[in-house]
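# Structure at a glance
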Amino acid sequence: MPVSRTCLECGVVFSVPPSQVRRGGGKFCSVGCGTRYRNKVDNPAQRPEVREKISRNHADVTGARNPMFGRLGPLAPGYVDGRNSIAGDIWRKIALVHKPPICEVCGDIPEDSRRLHVHHKDKDRSNNDLSNLQVVCVSCHNNILHKRERDRFGRYTGKEVV
């Protein structure tokens, strides 16, 4: 049977399980109210020992003090095979720029380019060579190339049928 409590921060009446009250909880109606209350009553960042520890542990790495500052090309941390991998689905962008927006399996031309996937022929996602990339429609990618399993409602389960 839930227990009625009053939030220490905003005064709203709310209910909590008795087990939470026994463990010392049930004082606030939300995490936000708990945080606001703590910041008013006992903000750790206002205590001198905590402020000193924060400043000691967090070195200033802005601008030229950053170890990655000015590292471009092969020296950049995300540099992979002539491209920066941090840019997201770079292999998808490259394949759609260099290849026509037509499914290479069924020949379908979808109205929306977001309905096109890029398939790695050798199924190695790190091999982003243009000869390994194949532009395919969603249907061919999920049903022909990967043969993904479906549940009883027809939704993809994420498992691949071997």
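Let me sum up the structure you'll find in this document. (Residues numbered from 1 in each chain as written. Predicted model: local features only at pLDDT ≥ 70, side-chain atom pairs only at ≥ 80, totals over all residues. Heavy atoms only, no water.)

Attention now goes to the pairing of strand β1 (residues 3-6). When β1 meets strand β2 (residues 13-16), the two strands line up antiparallel, connected through four bridges. Directly across from arginine 5, in β2, lies its bridge partner phenylalanine 14. The turn linking β1 back onto β2 is made up of six residues, and glycine 11 within it adopts a positive phi angle of 80 degrees. (Pairing = 2+ DSSP bridges. Helix = DSSP H or I, 4+ residues; strand = E, 2+ residues; numbered from the N terminus.)

On to the side chain of histidine 141. Within the fold, histidine 141 resides in helix α5 (residues 138-145). A residue is classified by how much of its surface remains accessible, and histidine 141, at 9% relative accessible area, is buried. What histidine 141 contacts, discounting residues up to four positions off in sequence, is His117, Val118, His119, Val136, His146 and Arg148. (Buried < 20%, exposed > 50% of the residue type's maximum accessible area, 1.4 Å probe, protein only. Contact = heavy atoms within 4.5 Å.)

Among the residues of α5, Val138, Cys140, His141 and Asn142 are the ones counted as buried. Structurally, α5 contributes buried residues whose contacts are with β5 (116-120), β6 (133-137), β7 (148-150) and β8 (156-160). Once α5 finishes, lysine 147 follows within two positions and takes phi at roughly 45 degrees, a positive value.

Now for the pattern of salt bridges. All told, the structure shown has two salt bridges when counted by the stated rule. A salt bridge links lysine 40 to glutamate 9; the nearest nitrogen and oxygen atoms lie 2.7 Å apart. One end of the pair, lysine 40, is in helix α2 (residues 31-41); the other, glutamate 9, is in the loop between β1 and β2, and 31 residues separate them in sequence. Note that glutamate 104 is salt-bridged to lysine 99, the shortest N-O span being 3.7 Å. The exposure class assigned to lysine 99 is buried, which follows from its relative accessible area of 16%. (Salt bridge = Lys/Arg side-chain N within 4 Å of Asp/Glu carboxyl O.)

Next up on the list: the nonpolar core. Side chains of a nonpolar character, in soluble globular proteins, are inclined to be buried together. Judged by nonpolar contacts, Ala95, Leu116, Val118, Leu133 and Val135 together constitute the single largest core of five residues. Secondary-structure elements contributing two or more residues to this core are β5 and β6. (Core = buried A, V, L, I, M, F, W, Y, C linked by side-chain atoms within 4.5 Å.)

Here the focus is unusual backbone geometry. One non-glycine residue with positive phi stands out, namely lysine 123, at about 60 degrees. For lysine 123, a relative accessible area of 48% puts it in the partly exposed group.

It is worth spelling out the packing of aromatic side chains at this point. Applying the stated rule across the entire model yields one aromatic pair. Here phenylalanine 28 and tyrosine 37 contribute two aromatic rings whose centre-to-centre distance is 5.1 Å and whose plane-to-plane angle is 50 degrees, an arrangement assigned as tilted. By relative accessible area, which is 25% here, phenylalanine 28 ends up partly exposed. The class for tyrosine 37 is partly exposed, based on a relative accessible area of 29%. (Phe/Tyr/Trp six-rings, centres within 6.5 Å; stacked < 30°, edge-to-face > 60°.)

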